[in-house]
Amino acid sequence: MASKGSTTTTGDEPPQQKLSPSGLPILKIPGSYGIPFFSPLRDRLDYFYLQGADEFFRSRVARHGGATVLRLNMPPGPLISGDPRVVALLDARSFRALLDDSLVDKSDTLDGTYVPSLDLFSGHRPLAFLDSGDPRHAKLKRVALRLAAARMRHVAPAFGTAFSAMFADVEAAMAGTAGDGVEFNKYNMRHMLDFTCVALFGGAPPSKVIGDGDDGGAAAKKALKWLVFQVHPIASKIGIKPWPLEDLLLHTFRLPAFLVRRDYADLTAYFAGVAAAVLDEEAENSDDNSAIITRDELLHNLIFMSIFNAYGGFKIFLPSLVMYLARAGPELHAKLAGEVRSAISGEVAIITLAAVDKMPLVKSVVWEALRMSPPVAFQYGRARRDTVIESHDAAYEVKKGEMLFGYQPMATRDERVFERAGEFVADRFVVVSGDEDGDGERRRRRRRMLEHVVWSNGAENGEAAEGNKQCPGKDMVVAVGRLMVAEMFRRYDTFTATVEENPLEPVVTFTSLTKAAAVAGHGGGEEA
Ligand code: HEM
């Protein structure tokens, strides 16, 4: 019998297969990085323009006989990435290595194979770029966890206000168009910035303090511009034509940080005001000497957390959620409307988190959307030591310092973990109170599935902590998703929309909104 983790030969017998700790054959990682400079460039064009992300990975898996651990180059490549070479983990099992903080070092890996200029953050390195072993990480994460927990009770009221304003604007725009439809993303971009800031800090929203502008919100535009300066190397299809010009402008050199300095100064002034109480409190709390975080560093961390982590996430997540709802059509809409309206019974001003907790289908839809399209699709981390990564059928040796990369949609759509993994199954996670009876098998199955819903850089039934890299806004995000679905089907019976899938976020255009009877007044069914 082969001994695990070793190669043994006896006499004339052929060498025995080396096995991993759980008995899988250890194979050489397939794939190659090709010719320096030229191959990464070609891979970048494949990824953004010639194949698209899904096909980029699928075709390489197929080329290597179905292997889901592969060597490949990740964009942007030359001239921005120092080193584009990664070991890609493209199934649910190998992907889990990226969630193991003892295995991967996540210093400077947030954006993958490049690090944006720290000038964009006033010279500070934000929490999300720090490894979990860094004492500064623990200290800053503690602030984020405390803030997220303390502000949870503000989420529903702030979201209710943002939702009403957003859909009042959408409806007004619908009334003014000649049937061309109204792009949801534009309104989401503007109102979710207000929501994020009010939910996290209270006070006046940025659209009031920095300005709203006539055409989409000055504050939101400044925030978006600052985000673009960070993520342009991995963004595409942002409207620059022809695509070779876009490739040149976005992917070959860094946009200089000074071009966004004034916008960032306006955002900084806003946060220095609304977050003053948090800054004061944390300065008082900072009497342990594990790491000194200055007030200025904390301020820039709060800006990063609010605009990049939180707002940047909502900007992608809500259009994706609405996309799945639009595709599912009126049958699911009717079920959701029934569930929402019976759970909130009567005329409540805002839908609370306690109310949405009693909506099993709404909850399931949100988890399913996060499973199908995790808003942050890429995860990276460097191997802390020589190690063995196991996929379902084979294992692979990785050397200390190699960059591991996971394309999360392939992990969360893995047929070996989820049935009908590539389909949006709205009631996949439904467990109703009756399911507590009997042997609880449905609950156990849901728990097992939630372990593989990992959009937050950790399991859905796990918890963010000082010592891990899981998103501290996890519960807030899930709550916002549920509130979004609940508010939509309180207000509308059904809606239609067209969807254009883009690399960073799908663009959703409403073509009709059918108001609920109670909202529309007599007769109901009024079309907006
Ligand atoms: C839809 C919205 C959101 C999405 C999709 C999202 C997703 C994520 C992901 C994937 C990570 C891990 C990044 C990595 O290291 O690879 C992360 C980290 C983080 N998120 Fe969120 N997030 C969202 C909302 C929020 C909110 C509302 C907050 C604020 C309370 C927040 C605060 C953070 C922070 C501070 C980190 C860094 C954690 C660390 O380095 O340990 N996020 N988020």
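Residues numbered from 1 in each chain as written. Predicted model: local features only at pLDDT ≥ 70, side-chain atom pairs only at ≥ 80, totals over all residues.

An unreviewed UniProt entry annotates the protein as hydroperoxide dehydratase of Digitaria exilis. What UniProt states about the protein under its Pathway (unreviewed entry) heading is, verbatim, "Lipid metabolism; oxylipin biosynthesis." We quote the UniProt Function (unreviewed entry) comment for the protein here in full: "Involved in the biosynthesis of jasmonic acid, a growth regulator that is implicated also as a signaling molecule in plant defense. Converts 13-hydroperoxylinolenic acid to 12,13-epoxylinolenic acid." (UniProt positions renumbered as here; feature names shortened; annotations may be inferred.)

Spatial strand order, S1-S8-S7: three strands in an open sheet with mixed pairing. The sheet terminates laterally at strand S1 (26-27) and strand S7 (387-390), the two strands that pair on one side only. (Pairing = 2+ DSSP bridges. Helix = DSSP H or I, 4+ residues; strand = E, 2+ residues; numbered from the N terminus.)

Right, let's get into the site of the ligand. Taken together, the neighbourhood of the ligand is formed by 25 residues, with Ala310, Gly313, Asn457, Cys471 and Gly473 sitting nearest. Of all elements in the fold, only helix H4 (135-176), helix H11 (295-328) and helix H17 (474-491) reach the threshold of two or more residues within the shell around the ligand. If you tally residues by element for the shell around the ligand, the top one is H11, at six residues. (Near = placed C-beta within 6 Å.)

Within the largest apolar cluster, 134 residues are counted, with the highest numbers of intra-cluster contacts made by Ala88, Leu89, Val362 and Leu404. Looking at this core, the element that brings in the most residues is H11, giving 18 residues. Aside from chain neighbours lying at most four places away, what touches Ala88 is Phe57, Leu70, Leu72, Phe405 and Tyr407. (Core = buried A, V, L, I, M, F, W, Y, C linked by C-beta atoms within 7 Å. Buried ≥ 20, exposed ≤ 12 C-beta atoms within 10 Å, placed from the backbone. Contact = placed C-beta atoms within 7 Å.)

Turning to H17, a few remarks are in order. In an α-helix, one full turn covers 3.6 residues, which means residues spaced three or four apart are oriented alike. Given a rise of 1.5 Å per residue, 18 residues ought to cover 26 Å, and the 26 Å separating the end C-alpha atoms of H17 matches this to within 8%. In terms of residue burial, H17 counts as a mostly covered element, since 15 of its 18 residues are buried. (Expected span 1.5 Å × (residues − 1).)

Moving on, we get to the UniProt feature "binding site: heme" (unreviewed entry) in the protein. Mapped onto this numbering, the UniProt entry gives "binding site: heme" (unreviewed entry) at Cys471. Structurally, Cys471 can be placed in the loop between helix H16 (441-450) and H17.

On any regular strand, side chains alternate: one points to one face of the sheet, the next to the other face. Note: strand S10 (residues 492-500) against strand S11 (residues 507-515), eight bridges, orientation antiparallel. What sits directly across from Phe495, in S11, is Leu513. Hairpin geometry of S10 and S11 is characterised by an intervening segment of six residues between the two adjacent antiparallel strands.

Time to look at the environment of Leu224. Within the secondary structure, Leu224 is located in helix H7 (residues 218-231). The exposure class of Leu224 is buried, given the 20 C-beta atoms found within 10 Å. The spatial distance from the C-alpha of Leu224 to the C-alpha of Gly440 is 46 Å, given a sequence separation of 216 residues.

Turning next to the sheet that holds S11. Sheet strands associate in pairs through backbone hydrogen bonding, adopting either a parallel or an antiparallel arrangement. Taken in spatial order, the three strands make up an open sheet running S5-S11-S10, and their pairing is antiparallel. The sheet terminates laterally at strand S5 (182-183) and S10, the two strands that pair on one side only. The pairing of S5 with S11 spans two bridges and is classified as antiparallel. Each residue of the ladder has a partner; that of Val182, found in S11, is Phe510.

Our focus in this paragraph is the environment of Ala355. In this fold, Ala355 is placed in helix H13 (residues 353-356). For Ala355, a count of 19 C-beta atoms within 10 Å corresponds to the partly exposed category. Along the primary structure Ala355 and Ser345 are separated by 10 residues, whereas in three dimensions their C-alpha atoms are 9.8 Å apart. In contact with Ala355, not counting residues within four places along its chain, are Ala343 and Ile344.

Our next topic: unusual backbone geometry. With an omega of 10°, the peptide bond between Pro75 and Pro76 qualifies as cis. Along the polypeptide, Pro76 turns up in the loop between strand S2 (69-73) and strand S3 (85-89). Residue Lys241 is joined to Pro242 through a cis peptide bond whose omega torsion reads -5°. Within the secondary structure layout, Pro242 lies in the loop between H7 and helix H8 (243-251). Here Ser122, not a glycine, exhibits a phi torsion of approximately 60°, which is positive. Considering the arrangement of structural elements, one finds Ser122 in the loop between strand S4 (104-105) and H4. A positive phi is found at Asn457, a non-glycine position, where the angle reads about 65°. With respect to the helices, strands and loops of the structure, Asn457 is situated in the loop between H16 and H17.

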